[in-house]
Amino acid sequence: MDGGLLLVGLTSFIEIKGTILEGIFEERLTRFSAIVRVDGGETVPCFLPNPGRLRELLVSGARVVLRRGGAAGGRKTVYDIVGVYSGGVVVSVDSRVPNKLVLQALKNGDLAEFHGYAHFKPEYTYGRARFDFLLYGGSAAKPCLLEVKSCTLVRDGVAMFPDAPTERGARHVLELAKALGEGFRAAILFIIQRRDAKVFTPNDETDPKFGKALREAANRGVEVYAYLASFSGNKITLNGKVEVRL
């Protein structure tokens with residue numbers, strides 16, 4: 001452990017398909033689109049695969065990483081914004097990446113906390129909520145409900161979630177706690193999509209209700225973990241576990 005960071009030899013990664021290039025962010029148009037000046041090219045609308053606010057990252061003049069995938073299949077844009085530079089670090093901003101990365105890590109056995117499970121079912125509905133994974137089978141004693149959250153906000157080495165109020169997030173956490181009494185193991189895993197965090201904590205300033213719900217759930221037995229993911233070239237790699245401070 002170095003300043004809260006546990007470096008381990010993880011091998012799981014997600015490869016970004018298509019040509020990778022860069023540009024300059026100009027302005028956000030909608031939750032899922034923005035205007036970018038592509039290096040060596042024109043100023044164009046791009047798809048932004050993240051409905052979050054991202055206000056500390058998506059500022060005018062910020063350098064961004066783009067994926068050119070073409071406008072086939074009814075797409076209106078040629079480029080996806082997949083990363084943003086922040087203080088010399090590339091932050092993955094594709095909110096679809098954490099679930100893909102976690103599924104790969106579960107299959108590879110890179111998440112020691114979840115060893116022993118044979119099957120990983122995505123998008124499992126339980127009660128009034130849909131959770132990212134149900135882990136079951138194998139040598140594990142109890143099936144496990146696992147919720148994955150994407151975290152992109154880091155200040156002075158401290159990763160924080162959420163970056164905007166999220167009633168849905170708090171509701172999910174409390175639903176996980178309820179499942180404990182019905183024979184399930186329950187866990188929430190924060191994937192910090194950048195490599196410059198040393199610890200993780202709930203963002204009480206932005207959403208005190210989520211922080212309260214997370215602490216309540218943890219006190220009732222919901223497990224809380226946080227892992228880094230680093231963006232380099234065309235790969236996003238699971239890169240180590242960080243301390244969770246509740």
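Predicted model, so just to flag it, every value in this text is computed and none were measured.

**As for the environment of Ile-192**
Tracing the backbone shows Ile-192 in strand E14 (residues 185-192). For the pair Ile-192 and Ala-229, spaced 37 residues apart in sequence, the C-alpha to C-alpha distance is 6.0 Å.

**Notes on the packing of aromatic side chains**
Applying the stated rule across the entire model yields seven aromatic pairs. Both rings, one in Phe-161 and one in Phe-210, keep their centres 5.2 Å apart while their planes meet at 65°; by these two values the pair is edge-to-face. You can see Phe-161 sitting in strand E13 (residues 158-161) and its partner Phe-210 sitting in helix H3 (residues 208-220), a full 49 residues away along the chain. By relative accessible area, which is 12% here, Phe-161 ends up buried. A relative accessible area of 0% means that Phe-210 is categorised as buried. Judged by centre distance (4.2 Å) and plane angle (25°), the rings of Phe-190 and Phe-200 are stacked. Taken together, the residues span a long stretch of sequence, with Phe-190 in strand E14 and Phe-200 in strand E15 (residues 199-202) at a distance of 10 residues.

**Some points on unusual backbone geometry**
Residues Phe-161 and Pro-162 are joined by a peptide bond in cis, for which omega reads 0°. Structurally, Pro-162 can be placed in the loop between E13 and helix H2 (167-179). Unlike most non-glycine residues, Glu-123 shows phi in positive territory, near 50°. Phi is positive for Asp-156, close to 50°, though the residue is something other than glycine. By the element assignment, Asp-156 lies in the loop between strand E12 (153-155) and E13.

**Brief notes about the nonpolar core**
Leu-145, Ile-188, Phe-190, Ile-192 and Phe-200 are the most contacted members of the largest nonpolar core, which totals 30 residues. Among the elements of the structure, strand E10 (129-136), strand E11 (144-151), E13, H2, E14, H3 and strand E16 (223-232) are those that each provide at least two residues to this core. In contact with Phe-190, not counting residues within four places along its chain, are Lys-149, Phe-161, Phe-200, Phe-210, Leu-214, Val-224, Tyr-225, Ala-226 and Tyr-227. Listed in part, the 28 residues of the second largest apolar core include Val-65, Val-82, Leu-146 and Ala-229.

**Brief notes about the pattern of salt bridges**
Scanning all chains against the criterion turns up 17 salt bridges. As a salt-bridge pair, Glu-26 and Arg-37 come within 3.1 Å of each other at their nearest N and O atoms. Here the residue Glu-26 occupies a position in strand E3 (residues 19-30), and Arg-37 occupies one in strand E4 (residues 33-38), the gap between them amounting to 11 residues. Arg-37 gets classed as partly exposed once you look at its relative accessible area, which sits at 38%. Salt-bridge contacts for Asp-196 lead to Arg-194; the nearest nitrogen and oxygen are separated by 2.7 Å. Salt bridges sharing partners connect three or more residues here, namely Glu-22, Asp-39 and Arg-63.

**What to know about the layout of surface pockets**
For the largest pocket, the calculated volume is near 760 Å³. If you trace the largest pocket, you find 28 residues lining it, with Pro-51, Ser-95, Ser-150, Phe-161 and Arg-168 closest to the centre. Listed by contribution, the elements that provide at least two residues to the lining of the largest pocket are helix H1 (97-108), E10, E11, E13 and H2. Tallied by class, residues from the lining of the largest pocket come to 11 nonpolar, eight polar and nine charged.

**With respect to the side chain of Lys-149**
The topology assignment puts Lys-149 in strand E11. Among residues more than four places away in sequence, those in contact with Lys-149 are Phe-161, Gly-169, His-172, Ile-188, Leu-189, Phe-190 and Ile-191.

**Some points on the packing of H2 against H3**
Angle between the axes and distance between the axes: these two values describe a pair of packed helices. Running from amino to carboxyl end, H2 crosses H3 at an angle of 10°, the nearest separation of the two axes being 9 Å. In terms of axis orientation, H2 runs roughly parallel to H3. Residues Gly-169, Ala-170, Val-173, Leu-174, Ala-177 and Lys-178 of H2 pack against Lys-209, Phe-210, Ala-213, Leu-214, Glu-216, Ala-217 and Arg-220 of H3. Within the contact of H2 with H3, the residues separate by chemical class into eight nonpolar, one polar and four charged.

The rules behind the values
Residues numbered from 1 in each chain as written. Predicted model: local features only at pLDDT ≥ 70, side-chain atom pairs only at ≥ 80, totals over all residues. Heavy atoms only, no water. Helix = DSSP H or I, 4+ residues; strand = E, 2+ residues; numbered from the N terminus. Phe/Tyr/Trp six-rings, centres within 6.5 Å; stacked < 30°, edge-to-face > 60°. Buried < 20%, exposed > 50% of the residue type's maximum accessible area, 1.4 Å probe, protein only. Core = buried A, V, L, I, M, F, W, Y, C linked by side-chain atoms within 4.5 Å. Contact = heavy atoms within 4.5 Å. Salt bridge = Lys/Arg side-chain N within 4 Å of Asp/Glu carboxyl O. 1 Å grid on protein atoms, 1.4 Å probe; cavity = no way out; pocket = protein on both sides within 12 Å on 5 of 7 lines; lining within 4 Å. Points joined across faces, edges and corners; volume = space filled by probe spheres on them. Nonpolar A, V, L, I, M, F, W, Y, C, P; charged D, E, K, R; others polar. Axes fitted to C-alpha atoms, helices over the stretch in contact; angles between N-to-C directions. Parallel < 35°, antiparallel > 145°, perpendicular 65-115°, else oblique.

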